[in-house]
Every structure is written in C-alpha cells, then in structure tokens.
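Listed below, chain by chain, are the residues.
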Amino acid sequence: ILPAVCFVWQVAMIILFGVFVRYDKEADAHWSETKKEENITSNVENDFYYRYPSFQDVHVMIFVGFGFLMTFLKRYSFGGVGFNFLIAAFGLQWALLMQGWFHSLDPVTGYIYIGIENLINADFCVAGCLIAFGALLGKVSPVQLMVMTLFGVTLYAVEEYIILNLLHAIDAGGSMVIHIFGAYYGLTISWVLYRPNLHQSKRLHGSVYHSDVFAMIGTLFLWMYWPSFNSAICYHGDGQHRAAINTYLSLAASVLTTFAISSLSAKRGKLDMVHIQNATLAGGVAMGTAAEFMIQPYGALIVGFCCGIVSTFGYLVLTPFMEKCLKIQDTCGIHNLHAMPGVLGGVVGAITAATASNAVYSPEGLINTFDFQGAYQAAAMCVALIFGIGGGALVGLILRFPIWGDAEDDNCFDDEVYWEVSGAEFCCCPRCPLGVTVR
Amino acid sequence: ILPAVCFVWQVAMIILFGVFVRYDKEADAHWSETKKEENITSNVENDFYYRYPSFQDVHVMIFVGFGFLMTFLKRYSFGGVGFNFLIAAFGLQWALLMQGWFHSLDPVTGYIYIGIENLINADFCVAGCLIAFGALLGKVSPVQLMVMTLFGVTLYAVEEYIILNLLHAIDAGGSMVIHIFGAYYGLTISWVLYRPNLHQSKRLHGSVYHSDVFAMIGTLFLWMYWPSFNSAICYHGDGQHRAAINTYLSLAASVLTTFAISSLSAKRGKLDMVHIQNATLAGGVAMGTAAEFMIQPYGALIVGFCCGIVSTFGYLVLTPFMEKCLKIQDTCGIHNLHAMPGVLGGVVGAITAATASNAVYSPEGLINTFDFQGAYQAAAMCVALIFGIGGGALVGLILRFPIWGDAEDDNCFDDEVYWEVSGAEFCCCPRCPLGVTVR
Amino acid sequence: ILPAVCFVWQVAMIILFGVFVRYDKEADAHWSETKKEENITSNVENDFYYRYPSFQDVHVMIFVGFGFLMTFLKRYSFGGVGFNFLIAAFGLQWALLMQGWFHSLDPVTGYIYIGIENLINADFCVAGCLIAFGALLGKVSPVQLMVMTLFGVTLYAVEEYIILNLLHAIDAGGSMVIHIFGAYYGLTISWVLYRPNLHQSKRLHGSVYHSDVFAMIGTLFLWMYWPSFNSAICYHGDGQHRAAINTYLSLAASVLTTFAISSLSAKRGKLDMVHIQNATLAGGVAMGTAAEFMIQPYGALIVGFCCGIVSTFGYLVLTPFMEKCLKIQDTCGIHNLHAMPGVLGGVVGAITAATASNAVYSPEGLINTFDFQGAYQAAAMCVALIFGIGGGALVGLILRFPIWGDAEDDNCFDDEVYWEVSGAEFCCCPRCPLGVTVR
C-alpha cells in the first residue's frame, strides 16, 4: 500500500502544482525587467538574500534535527530518520499548496505564487506534523504517517489562517500554531490508537549507547538553529535581531535547569540522556510567541529557566502518569517538550502583549507588531488546542481502520517490520551491546 | 609512498600559488581605497556577502555530505570519510589553479586572482572527483585516489572551459559538467581496474546498523543543501531564487518515488536503506542544468518524480547487471545516482533551452541566460561524456601499474589495510553486531 | 552539588542580566523609528544580516564541532558532548556579562547593550574554555568544569581587554586570545590535578570504531566552518573576505601534511585517526592572528603546511613525553592542536605586522588594521601565556579541594559515574566490540 500512496499522491502534487503554482515575482525572470523599468538595481530589494540563510537553518532542523532526535531507540533509528524524511518531503509539497491557498493565492489569476517565504512557512507547517510523529514513533506504519501528515498539514493551514489572519495574533516562532497544535494533535492520535499490550515490545523500547549519541546530533542542530527558527519570518531589522537574541538566551537557560533537575531527580545524581536530549530545547519552544517582543534579555532567561524545569519534571512524572492513567503513550515525550512549553510560550505572549505600551515600543514598532491585544493571543491558543485535539481525534479514528498495516504489539519499535535489516547482525551474546535478544 | 606524494604535491602547490595566485580585488586591501575614490561605500557591492552562505552550504556537502554518505560500509567508514577529506583538501588547491588558469588568469599581470566565486567553483570541481571516488570506494589505495584526483581536476577544468566558455552552454548546477563527467570518469576507471575476485571481500561488502545511520547524515546534508549547490553561482536575483525553488521541489518529489519503488520491489514491501540514502538525491542531480530555467514548479516536480524511479530501478537492476555483464564494479552505485540523473538533467536542459521563448523569459532575462540553443546543450553533454570516458580510460591504465599499493582482493572494503584499527575490538561472537569474522 | 550550582548560577545570571543587560540599538524596537527620522531605510545598515550567518557557523563549531570531537572515547561520549553542552550554555551567558562589562558598558546608563557581535564574541570566549576542557576530558566532574568555566571566562575577558584594547593587538581569529590562553589554561590545570594512577583507567582510555566516526563529525564541522570563525568579527568587506580565503587555504594544506606525517610515522604506513581528527585543524588555529593580513595565498599555504607537521609530531612525540616527564595528562592533545599552532600563529602575526608596509596595504587599509607594531603582537602573546598559566595554576588549586566529586582513578573516562548507562548493554564477549570488560 505504501508504494501506491507515494505514487498517487506525488502524481496528485504534480497536477495540483501544474494547475495552481507559479514562481512569485522575486523568483520570476520577468522581475529583473520590471525592476529595471522602475530603476531599482540593488539586490537588496530581493528578500531572498535575507531569508535564505535562515531558511536553510530551519531546513536542517526539520530533516537533521527532528530526524536524528528520533534515532534514539536502539532498533528504530532507520524508522526515526527515514520516515521523518518521507513525511517531511511529502508534507512540504502539500503545505505549499494548502498554505498557498490561504495566504498566497492571487484572486485575479487563480495562481499561488511561491517564493522563499513560502518555503520557510512550509517547513514550519511540517514541523507541526513531525512533532506529532514524536508521540507515535515506533507504533504506526509509514502509510499511517502519510495520512497523519496529509490531515495535519491541512488542519495546520486552516488553524494558522484563523490565528494569524483572522485573530491577528502574533506567533513568529509558532509556540501556539506549531507546538501546541502539533503536540496535542499527536497526543490525541496516540490516545485513540492506545495499545494496551505495548509492554510486549518493552525489550526494544529504549536506547543503546550509540543511538543516544546519534540523537544528540538532532538535539544540537535543533538547539543551535532555533534562533533562526523563531526569527525566520520576523520583520526585517530589529525584530528579527531581537527574536534571535531572545531565543538564544532562553535556550541557554533551559540547558542549566535541565541538567539541574535531571541530576537532582536520579539516585546518586546521575544525568539522564533523555532529559538532555529533549528538555534543553524547551526554551526555544516557549520563546516562539514572544520571540520578537521587547521582553528584555532577563525576560528570555526567566522563560528558559522555567521551561527547563517544567519539561524535565514532565519526563520524570507526567509521561509515566499519562501512560498509566490517561492511556496516552508518548514515545518521545512531546507533551514535555512541545505541549507544556508551548502553552507556557502562549501565556507569556498573551501577558506580554496585554501589558505592552508605547513607552516600550516605538509608535512605528507598535504599528508593525501590535495590532492585537492579549485577549486575541489567548484566543489563538484555544484555537490551536481545539484544532490539535479535535483534529487528532478525527484522524486517530481514521487511523484505527485495520487497513494501514501497522505493526503488532510485540513488533513495535522494530525496524525489521519495515526495513531490510540483515538478521546476522544480531549478536548471540546474552548481554549484547545492541541490547537485542536473538530470535 | 603516500607521505611522499602528500609532501611533494603540497610543496608544489605552495610554489605554484606563490608564482601565480593573488587575492582578487574584492579580497584585496587596496580595494577599499579604490571604492572610496569611486565614492561607493555600501557593502552591497561586495559579492562576498551574497555568495558566502551558499559557499559554506556547498562546502558542507563536499566534506560531510559526500564523506558521510561513504561511511555506509561496515568496516570502511574511516576510509570513506577520511580519504574523502584527503582528496577534497588536495583537489581544492589544484582546482583553484587549474580553473584559475582557464577562467581568472589576468593576461597582463600573469596572475590568477581568487575570490569567493573561485572557492565555490573549486568545490564543484572536487565534487566531480568525489563522485568518481564513489565507484572506487574500498578498492583503491589513497595514492591512487590522489592520482585520480590530480587528473580528474585537470580534465574537469578543460571540459568546463569547453562547455561553459566555448559552447556557451548553461549548467549552473553541473548536471553535465560535474555529474556526467564525474560518474563516467569513475565508472570507466572502475571498469579498467576490474577485480574478478572481489567476491573474496564479500563479508565486508555491506553495512551494519549504525554505519547506515552514519550514511544518513551524509544523505541529509546533501539533500538539504542541494538548493544552495544548484544556485550558488547563478546570477544574483531571480535566477538564484528560482534555482533554489526548483531544486527543492525536485528533491522532494524524488523522495516519494524512491520510497515507492524501494518498497514495491522488495519482498514484503520492506524498504532498503541503500535506496533511501542515494536515490532520494537524484532529483538534485537532474535539476543541475535547468535549475534557473523557467520550468515552473510542476516541471521541477516531474523531473524529481522520474529521477527517483530511474535511480531506484538502477540500484535494483542495473548495478548487478553492470557488475556481472559489463565488468563494472560500482561500490556506491554512482551510475544510478549521478550518471543517469545527470543525463536526464542534460536532456531536460537541452529541451527546455530549445523551446525557450521570449514569452517566457523577459528580453533582459533572455540576454542574461540564453545566448545559446538546445543544440549547444546537447553538444555539451557529449563533451562531458567524452571527457569522462576518455579520461577515465587513460587514468585507469595509469592506476593499473603495480606501484600504487592497492589492497588485495580479499582485503577490499577493509580499513585495517590503511588505518590503525585495534584488533581487540573485534567481537568473538559468531553473529557479531559488527558483522566481522574474527581473524 | 551539580543541581545547586546550576540553579544558583542560573538565578544569578537572571538577576545580573536584569540589572545590567539590554538590547543594543540594532535589536531595539526604537531603532526603526530613529532610522526613519534619519531617513535611512535600507536594511543594509543593519549589521545583523552580515554577521548572522557567520555567527551560526561559529555556533555550530562550539556545540557540534567541539562537542563531537570529544566523543572519541569509547565510554565517555555522553560526557564529551553533554558536558560540552552544559559548560558552553553557561559560559555564553557569563561571557556576555564579563565581555560586556569591558566592551559594551555604556558609562551613562550603566547598561550593557548586546547584539549579534556580542553573541559571536561570547562564542569565542567559550571556545577558550572548551579547549581547556579538552585537556581535562574524562578526569574531572561537571561541577569542576563549571568552576573552570566561571574562572576561565572571567580571565578571558580581562586578557582580551588587555590584548585588544590596551595593546591594540590584532587577533581576529584568536590564535593568542583564544588558543594560547585556552590551551595553557587547560594544560596548567591538568598539571595541578595530575593523577599518578590514571593508568588504572587505561582500559577505557581509547576509542572504538564508531566513536572515531562520531568524532569525525566534530572534526569536519570545525574544519569547514573555521573560515567563518576567523572572519566573523573582521571589518566588513575585503578584510573579512581575505580572512576566509587565508583560513581555507591554510586548513587545506594542513590536511595533506597531517596525512603525510601520520602515515610516515606508523609501522606499515598506517594512518592514525587521532591525527586526522585533530592535526588537520591546526592550520585554522595558526591563521587566527594573521587571518586578515595580506600574507597572500601561498603564505597561508605555508602556515598550514608547517602546522600540520608540527601538530602531528606533537601527537607522536610530545604528548607521551609531557605525560611521562612533565606530569601533564592531556586527554585530547590540546597542546598539539591549540598551544603550538597558536604560538606559531602569534609569531606569524607579529612578523607580518612588523614587516607590513604601505606598499602592501593601502593607506586606508593601514588605518583600519595597523595602529600597532610587531612588538605589541609579541607582547600580546606573552599576556595570553601569562593569563593561561597563571590562571590555570590558581584554578587548578581551587579544583584540588576534595569537595567537587571527581571520579576515582580507576573510573576516569567512564560515563557510568555521571550518566545513566544501562549496565545490561555491556557485552559479555571477552573481545567485545565496545572494548569494555564486563564488571
């Protein structure tokens, strides 16, 4: 079924792109001529040069960041990085269309005009679906992931339109639009697809030494490039600069509190790689909404400080609680890394927006960034939540149909189900360094 | 012999650079003064700021992209990433000289003036040789690789001069200049160096779990940064922007068709890591020539769609066929990833160029990009082929001299021949996770 | 004790940032308005767009470059990349404050104004401490590393102020300020903390196959982005362009001589991964001071040529000698990679500066880059040495107090002391591929 889905959907993409999508003016060969007539010769006018480096940083986060973060399982590294690759490559195309229909459709010509900003926004949209993938990692088939992405991108585009264009909320780095939506979308799907016998795959539900090091590649590229993520579509100039600084500081603070809580919680003060790989990133999530606000450097540090604590406690307390009592199996702990810090970020944004004054922002800056109030920010958060949970419930039900070829309960977290993995590579040693019992 | 080659050639580089190479005006301290006199004060005039981020992306592709893509063998990861490092570092210097003689030599002063564009072009030139390395991986000594690179860079510089300066063909991302040349150069060398008893190294001719994950690092950095590769030396403005969009879309489409064919071909629909690591990149190769053309987004998707199919079928059918019937041993399958998509890219470029009209391109754009015809593009493809096959035959004969210290047939794909690898690290378990029989 | 240190210091950071740190004008919302009044509308005036890509490259070097370079030990990869993460995230915040007090403090308002240049300089400052970490890797506790970083950043800020602001020396890439200081700081601490019984951890003091491949990730990202490091805070325009070219060429040359010496020195010409991982980078260290000088391309090649030789010989001869005779245990060989090439770089800078003439530099260029003489450069080198050795002795004594929870002599280089590592993952095979004897 996977080949059919890939083929048919890619053909559909080609047809839809043929009908609807054209280069935007900055990418069109006619533009140079227009510029010449208007007597503008400088390259500076072209947005491309300001956006492209940030775009590439975000792109690295999507494919290497998310991809390698999900290689931490001892025998699901192929699936983590490989399916991430598949659904991101599909999601990007679909996002260009869906977001284009809402944002870049020219009512006269009927075309969607795409340029560098559309590419960045498509990466953002896909990020929401990859977050949801984190909750489902190892438990669903690639076809289910494709379906999840198809609906996820669609829901995202609608939700984004409501939040940014109707409510005029600010969410440059997507604490609400991306993280709250993505996390609750994934968690709700996981809740609908609850597997009571997942413990049968317990032997594979963990990391080995080198898979944890691979996951650190993902963590670090996410951590380093997060300032680009939160500033990529900010207004040029001081707003973008400020977003980068705020995110940078917030991330730095959450590293220290993550190490602190991780060490505090364990017997003999030992650190846990799961916390270091994930909770250190919470500061970036929580700065998504308020990234370009004048919250001052210490404000950013406070946000990161709190997030590191909240997120690490989530891994210690909430994930086991949710699995046991709420029947939500959250493989990567996205509730701790995306849902809670995302809500925190939304709240910070709403409060900051509500208390913003002309004294802090210049009149001009205010016009650029503040045609909204704190209440709209709060409303935006609710919209993201509703779309996440509602959409997740719907898509979860669709994914429960027994036609998608998902793995058995005792085959979860195992690459052998979907990938060619030479069996002879398994060690016969009962305490094998790969941690895998021989069949 | 390796130390002698490295030393002597590096000394030769120093002497040749001393005689011939100087900074170009944008990198020369006198330039600021000239600008001052001309009353130009803006940094915008300096190409450096527009080219440098793309240059670094390409640089990452050369060293991390190609390097890690070639770590997939279970016991040749050191050689893959290490020899890639060696020949790229040598090739860059030699390419600055050889390309400089053809493109940047000032006939008055007799100097080659180098700047950021020369660095990008040197990376492109080296890419051709690293592609050839892919066919030879594990079967030749580092000295042979150095010789291969010496001749490869020289041939490339001549071929590039003929194609770009004499035929005035367009090939911004090098489908022909880089990929066709590099692939046929490597394949012909591999054909001349055919090892009938290579099966004696069969135990090492494959991957283990973690070496496949390492290779994915290479795949993803190549995949993500390919839009920078194909747009790095385009005209500023809309051309560069368009090249990035086209490449991005083509790559996305080839991911889906690669997954489709890989799953379709295997028993029980299992995916093969070799396909995912390689064929997903074919869309970038094929967009090399037509990158900046107005082929529209759906055109780029179609190219990627076809390439993913062709390339994956290559791995399934052609590579075994070529090894058995044509006596060409192609370790990394460069025929599937570079040769076929390169030819496809050249054909697409020729057709698009032949059918280009003033209606699509503005008059000004036409002057910039179209002082040629489809026929010249086709001729350029032939030149690349001839240089690849002819040069490869010549260099292959040179490399057959029994003086280069290449490995025995039963020692191929083994790092122990050229690297210190502690023997005690081999497992005694008969089904060792590293897949290596103990000696 | 680690949780307490992390918490208290992070709280202190928040308070100090609250009292002292504000956005600089380019990151402040009021700036747009000011610009409007001054009738400047172009983004070009904003430094952010020229510095940000270089900043991100440097950032990758700090976290992925240094972090993964230190994963080479078979059972200290978590500590290498994890503690690097911790002390860099702390060091950045502290560096913004310390460097800010010296460089960006506004005497009128009493505020430190931070922008993109401060972030780059903070990365530079942290690099000095991470170099010192290289000498101590595996032998000290995370709390000791935090203390080492606290003092290291402080000393660095003072030393940098003396060298750059009082002596007016040039050191764009920090051969002296970063590398000489960092290396001697670390070596002196290591000397004070000498462990006579370190041989008890000998079983863990080495690499395994895949940990060497992980380390190559660090090597390559350092190598590729070093041109950005040395040019990140150069004057815009030709100086920055030249610094990138010089560093690039120097690095390329040191790759070839490293391979030459590594192969020459071993029995049967085998290459050693330790040399390839480290000595190939020496060319970048040595171009730190003279990066933007008009030393011409061949001059850069000569510097890299010499550094590769010196650094590789260091690994072969000096590191064993220093451990045996001078009681300095240098885990990563920072003496070979940072100290010696740093001194070489300082000497090259002093000589070039002393012999610089108006004929080579334009008058204007001279004003920008040469309000100093060779003697000041030499003095700067001495200052860096004195701060490194003096500061290292002081901090070493502090770190000898038996309150810091460092590992026993037979537990060094072992992640199990500070990290949760599932014991069942150790192989029972006596020649385990992970090279670890079962407990």
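For chain A, the name recorded in an unreviewed UniProt entry is Ammonium transporter AmtB-like domain-containing protein, with Denticeps clupeoides as its organism. Recorded in UniProt for chain A, the comment headed Sequence similarities (unreviewed entry) runs: "Belongs to the ammonium transporter (TC 2.A.49) family. Rh subfamily." Turning to chain A, the UniProt annotation filed under Subunit (unreviewed entry) states: "Homotrimer."

What to know about the overall build of chain A
Along its length, chain A carries 15 helices and two strands. Per-residue burial over chain A gives 70% buried out of 439 residues. Across chain A, the fraction of contacts at a sequence separation of at least 24, relative to all contacts at a separation of at least 6, is 81%. Just so you have it, chain A exposes about 12800 Å², and 64% of that area is on carbon and sulfur atoms.

A closer look at the state of the cysteines
All told, the structure shown has zero disulfides over all chains when counted by the stated rule. Cysteine B:Cys307 remains unbridged, with the sulfur of B:Cys306 as its closest cysteine sulfur at 6.9 Å. We classify B:Cys307 as buried; its relative accessible area is 1%. No disulfide involves C:Cys382; its sulfur sits 19 Å from the nearest other cysteine sulfur, which is in C:Cys307.

Some words on helix H5 (residues 116–136) of chain A
Residue and element names in this part refer to chain A. For H5, spanning 21 residues, the distance from its first C-alpha to its last is 31 Å, which sits close to the expected 30 Å at 1.5 Å a residue. The element H5 is largely enclosed, with a buried count of 20 among its 21 residues. Where H5 terminates, the next one or two residues include Gly-138, which has phi positive at roughly 90°.

Some words on the relation of the copies chain C and chain A
Mapping chain C onto chain A calls for a rotation angle of 120° and an axial translation of 0.0 Å; the resulting RMSD is 0.0 Å. Overall, the copies show the geometry of a three-fold rotation axis. A low fraction, 12%, of the interface residues of chain C reappear at the interface in chain A, so the copies pair through non-equivalent surfaces.

Some thoughts on the interface of chain C and chain A
In this assembly, 82 residues from chain C lie in contact with 72 residues from chain A. Buried surface at the junction of chain C and chain A, both sides included, amounts to about 6700 Å², of which 74% is carbon and sulfur. Applying the counting rule to chain C against chain A returns zero salt bridges. Counting the contacts that link chain C with chain A gives 16 residue pairs in polar contact (both at pLDDT 80 or more). Elements with a contribution of two residues or more to the side of chain C that touches chain A: helix H1 (2–20), strand S1 (21–23), helix H2 (29–37), helix H3 (48–69), helix H4 (77–103), helix H5 (116–136) and helix H8 (209–231) of chain C. Tallying contributions element by element places H4(C) first for the side of chain C that touches chain A, with 12 residues.

Details of the interface of chain B and chain A
By a widespread convention, an interface's size corresponds to the accessible area lost as its parts come together. Taken together, the 72 residues of chain B in the interface contact 83 residues of chain A. Each partner contributes to the roughly 6700 Å² buried at the junction of chain B and chain A, and carbon and sulfur atoms together form 74% of this total. Ranking the residues of chain B by area buried against chain A places B:Tyr209, B:Tyr248 and B:Leu256 at the top, with a combined share of 13%. Linking chain B with chain A are zero salt bridges, by the criterion used here. For the pair chain B and chain A, the number of links is 17 residue pairs in polar contact (both at pLDDT 80 or more). Counting only elements with at least two residues in the side of chain B that touches chain A, the list comes to helix H3 (48–69), helix H8 (209–231), helix H9 (238–265), helix H10 (273–278), helix H12 (296–325) and helix H14 (363–369) of chain B. For the side of chain B that touches chain A, the element with the most residues is H9(B), which contributes 19 residues.

Thoughts on the packing of aromatic side chains
In the structure shown here, the tally under the stated rule is 84 aromatic pairs over all chains. Pairing B:Phe102 with B:Tyr161 gives two aromatic rings, centres 5.1 Å apart and planes at 35°, and the pair type is tilted. Of this pair, B:Phe102 sits in helix H4 (residues 77–103) while B:Tyr161 sits in helix H6 (residues 142–166); the two residues are 59 residues apart in sequence, bridging distant segments of the chain. Where C:Phe83 meets C:Trp419, the ring centres are 5.5 Å apart and the plane angle is 35°; that geometry is what we call tilted. Taken together, the positions of C:Phe83 in helix H4 and C:Trp419 in the segment after helix H15 (374–400) put the pair 336 residues apart, joining distant regions of the chain. Of the two residues, C:Phe83 and C:Trp419, neither departs from the other in class, the shared state being buried. Connected via pairs of aromatic rings, a cluster forms that spans A:Tyr76, A:Phe78, A:Phe83, A:Tyr418, A:Trp419, B:Tyr209 and B:Phe259. Positioned above the aromatic ring of C:Tyr209, the side-chain terminus of B:Arg75 is 4.2 Å from the ring centre.

Analysis parameters
Throughout, residues of each chain are indexed from 1 in the direction in which the sequence is written. As a convention, the first chain written is A and the first ligand written is 1, with the rest following in written order. Local features in this predicted model are restricted to residues whose pLDDT is 70 or higher, and side-chain atom pairs enter the listing and the counts only when it is 80 or higher, whereas totals over whole chains, interfaces and linings include all residues. Just so you know, side-chain values use all the structure's heavy atoms and leave hydrogens and water out. UniProt positions are given in the numbering used here, feature names are shortened, and annotations may be inferred rather than shown by experiment. Think of it this way: any DSSP run of H or I at least four residues long counts as a helix, any run of E at least two long counts as a strand, and we number them from the N terminus. Accessible area is worked out with a 1.4 Å probe on protein chains only. A residue is then buried under 20% of its type maximum, exposed over 50%, and partly exposed in between. Note on contacts: a residue pair qualifies if any of its non-hydrogen atoms lie within 4.5 Å across the two residues. Each accessible area value is a Shrake-Rupley result obtained with a 1.4 Å probe; residue values ignore everything except the protein chains displayed when judging cover. Note on terminology: disulfide denotes any pair of cysteine sulfur atoms within 2.5 Å. Helix span is expected to be 1.5 Å times the residue number reduced by one. Residues reaching a pLDDT of at least 70 in both copies supply the C-alpha atoms on which the copies are superposed by least squares. When two components associate, each loses some accessible surface as probed by a 1.4 Å sphere; the sum of these losses over both components is called the buried area. Any carboxyl oxygen of Asp or Glu that lies within 4 Å of a side-chain nitrogen of Lys or Arg is treated as forming a salt bridge with it. Here a polar contact is taken to be a pair of N or O atoms separated by no more than 3.5 Å, where protein atoms must pair a possible hydrogen donor with a possible acceptor and residues adjacent in sequence count only if both atoms sit in side chains. Working definition: a ring pair exists when centres of Phe, Tyr or Trp rings (six-membered ring for Trp) sit within 6.5 Å. Plane angles under 30 degrees give stacked, over 60 give edge-to-face, the rest tilted. By definition, being over a ring means that NZ of Lys or CZ of Arg is both within 6 Å of the ring centre and within 35 degrees of the ring normal.

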